[in-house]
Amino acid sequence: MKYTVASRGDQLSNDLQETIQTRLNAADLIEDTEEPDIVITVGGDGTLLEAFHAYTHRLEETSFVGIHTGHLGFYADWIPDEVESLVTHIVKTPFQIVEYPTLEVVIRYRDNNSSERFLAVNESTIKSTEGSLVCNVDIKGEKFETFRGDGLCMSTPSGSTAYNKALGGAILHPSLASIQLSEMASINNRVYRTVGSPLVLPQHHTCLLKLLNDVSVQVTIDHFNVSLDGKNVDSIQCRVAEEKVRFARFRPFPFWKRVKESFIGE
Ligand code: NAP
Ligand code: MN
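Asks: Explain the domain arrangement of the chain residue by residue, including any values.
Replies: Assigned domains of the chain: these are domain 1 (2-95 + 250-263) and domain 2 (102-242). For domain 1 and domain 2, the distance between their C-alpha centroids amounts to 30 Å. Facing eleven residues of domain 1, the contacting portion of domain 2 comprises 17 residues. Around 1200 Å² of area is buried between domain 1 and domain 2 when both sides are counted, 77% of it from carbon and sulfur atoms.

Asks: Tell me what's going on with the site of ligand 1, and back it up with residues and numbers.
Replies: Lining the immediate environment of ligand 1, one finds 18 residues, of which D45, H71, N122, E123 and T161 sit closest. Contacts to ligand 1 include G46, whose backbone N or O atom sits 3.2 Å from an oxygen atom. Contacts to ligand 1 include T161, whose side-chain N or O atom sits 2.6 Å from a nitrogen atom. Alone, ligand 1 offers 820 Å² of accessible surface; in the complex the protein occludes 66% of this. Ranked by the residues each element gives to the shell around ligand 1, the list is headed by helix α2 (residues 45-54), at three residues. The residues that make up the shell around ligand 1 include at least three from each of domain 1 (2-95 + 250-263) and domain 2 (102-242).

Asks: Tell me about unusual backbone geometry, residues and numbers included.
Replies: Phi at A185 takes a positive value of approximately 45°, unusual for a residue other than glycine. Within the fold, A185 resides in strand β10 (residues 178-186). On the basis of relative accessibility, which here comes to 52%, the residue A185 falls in the exposed class. With phi around 75°, H204 is a residue other than glycine that occupies positive phi space. Mapped onto the fold, H204 is located in the loop between β11 (199-202) and β12 (207-211). Under the relative-accessibility criterion, H204 is labelled exposed at 60%.

Scoring rules and cut-offs
Residues numbered from 1 in each chain as written. Chains lettered and ligands numbered in written order. Predicted model: local features only at pLDDT ≥ 70, side-chain atom pairs only at ≥ 80, totals over all residues. Heavy atoms only, no water. Domains from an automatic or database assignment. Contact = heavy atoms within 4.5 Å. Buried area = accessible area lost by both parts, 1.4 Å probe. Near = heavy atom within 4 Å. Polar contact = N/O pair within 3.5 Å; in protein donor to acceptor, adjacent residues only side chain to side chain. Areas by Shrake-Rupley, 256 points an atom, 1.4 Å probe, with all protein chains shown as cover. Helix = DSSP H or I, 4+ residues; strand = E, 2+ residues; numbered from the N terminus. Buried < 20%, exposed > 50% of the residue type's maximum accessible area, 1.4 Å probe, protein only.

Written out as structure tokens, the structure reads:
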């Protein structure tokens, strides 16, 4: 089996990375950053998000597992003390795989009708960087509302505990192939009206955000800003992607237990 280990870059994570490499090489596993079967991340959820984006071209062949070194660790759910046990599990392969839905984002630009496609594990957001963002929200090709406010967030179920949660969105179990649209500070008065509640859309229901004003915007995909290079965003289309993210599962650690441990405590 081929593996790679990605580190956040701090001393503890780098040391663990080296320990894991030594142990896996001794067990005749092959280190291969180009075409790994398993990607082990050491750091936090941010480290796992970065690793995901490095392998979006071969998601079907790649499984992820994360160790968290002092960070929250929602995806990266192994602790440094468990590294020996994790390594033993990996050496013993085959392992079980759990698949989570991802979000497909298509950004269309006004300039020369170009477009770009992205996948997100957590979410995509659009925010105005100057005044209010005004956009039409179309669902399944029908106009739903006109949004006016700071921005909008489209989240996956596994991303529902991240930014979406801070926006008052619901926590969704990742077995529900869906996307959740939540608002950032919508203007609501006699003149402007939005539904105000987060919306959960099932598979194949497309959500199209069509920009109506000329504000400059920031578009994010998980941890990074999409580089717009002066291009003007015309619309952003979101739906549940065909692609899934695969996590290597070596022990039961149910989603609701992770939610409890992350947000409520032991
Ligand atoms: P970061 O600023 O370190 O992330 C913020 C926090 O979100 C970290 O504690 C991170 O965990 C945690 N996190 C990431 N994915 C999560 C998930 N699916 N469920 C629960 N918590 C999660 O930046 P980052 O590590 O590069 O992560 C990028 C993410 O930050 C974005 O995808 C977005 O969801 C989130 N974010 C949240 C807000 C907000 O809540 N107001 C604002 C901007 C961005 P680790 O410490 O383990 O990395
Ligand atoms: Mn982080």
